[in-house]
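Spelled out from the first residue to the last, the chains are:
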Amino acid sequence: MAEPLLRVEGLVRRFGGIVATDHVSLDVAQGELHAIIGPNGAGKTTLISQLTGHLPPNAGSISLGGLDITYLPAHRRCALGLARSFQITSLLLDFTAADNVALAAQAHAGTSFRFFADARRERGLREAAHAALDRVGLSHRADIVVSRLSHGERRELELAVALASRPKILLLDEPMAGLGATESQRMVKLLQELRKEVSIVLVEHDMEAVFALADRISVLVYGRLIASGDPAAIRQNEEVRRAYLGDQHVVTRHG
């Protein structure tokens, strides 16, 4: 069996007497879209923060492509191919969409932010920016200042910024949050295309999107992983229904 692209084993994170992640183990295969769901306070964002290196675990291990990254800083993980998007918007509102992506490409190349003016002019960075914008359907908005973009377009731009680091795996924290029905459908279609090129870990409350997209779903409740499996198995799991899904009928209208 091939080595998983991402492997998490026995991950624990405590905040005082609260166990935010309770011996969580999961893996993500090459080319897989693995969704993580659960109620508010389940530990999903804490888990993502540990995967990215923004929050060290108290116990357990994380490996990427067979390399132990448990205690590597966030920028080292990014350089190895792990990119995060959507939890915190860090777009430069007074600059264009292309400027934002060019800056991300510049940072991935290891160039100092002091030379941002060069990023706006340097041909290679501009080409990389426009390629990333084209992948998310925003090439026609490349020269628009971010403050003038819609909420949905900013979500797509955040994804383009993440793609500028040429990731092997994307960690997406609630990409559907705040999107209207049309924008949400567009995001689902975009992720369906991107999953052909990059592995994705998706944290999301939109169950229609999750069941339409995921190859596998892991369910966190109070920091503990209570189930992991394909969408059909999760939909039928009685413990998952009691803890999170309830009796709601998940209909996959997207895509």
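What counts, and where the lines are drawn
Residues numbered from 1 in each chain as written. Predicted model: local features only at pLDDT ≥ 70, side-chain atom pairs only at ≥ 80, totals over all residues. Heavy atoms only, no water. Helix = DSSP H or I, 4+ residues; strand = E, 2+ residues; numbered from the N terminus. Buried < 20%, exposed > 50% of the residue type's maximum accessible area, 1.4 Å probe, protein only. Contact = heavy atoms within 4.5 Å. Areas by Shrake-Rupley, 256 points an atom, 1.4 Å probe, with all protein chains shown as cover. Core = buried A, V, L, I, M, F, W, Y, C linked by side-chain atoms within 4.5 Å. Pairing = 2+ DSSP bridges. Right-handed = clockwise from strand over helix to strand, strands pointing away.

**Comments concerning the overall build of the chain**
Of regular secondary structure, the chain possesses ten helices and ten strands. Here the chain holds 255 residues, and 50% of them are scored as buried. Across the chain, the fraction of contacts at a sequence separation of at least 24, relative to all contacts at a separation of at least 6, is 65%. Entry remark: accessible area of the chain is about 11900 Å², with carbon and sulfur atoms responsible for 49%.

**Looking at the nonpolar core**
Soluble globular proteins tend to bury their nonpolar side chains together. Leu133, Leu157, Leu159, Leu170, Leu191, Ile217 and Val219 are the most contacted members of the largest nonpolar core, which has 54 residues in total. Here this core gets six residues from one element, more than from any other, and that element is helix α3 (residues 97-108). The next biggest cluster of nonpolar side chains, apart from the first, holds 22 residues, and it includes Leu11, Leu26, Val201 and Val203.

**With respect to the pairing of strand β7 (residues 169-173)**
Taken across its five residues, β7 has five buried, putting it largely inside the fold. Here β7 shows no split at all, with Ile169, Leu171 and Asp173 on one side and Leu170 and Leu172 on the other all buried. Sheet topology note: the strand β6 (residues 82-85)/β7 ladder contains four bridges and is parallel. Residue pairing for β7: Leu82 is matched across the bridge by Ile169. Judged from the five bridges that link them, β7 and strand β8 (residues 199-203) form a sheet pairing that is parallel. When the sheet's bridge partners are listed, Asp173 is paired in β8 with Val203. In this view, the connection linking β7 to its parallel neighbour β8 by way of helix α7 (residues 181-194) has right-handed handedness.

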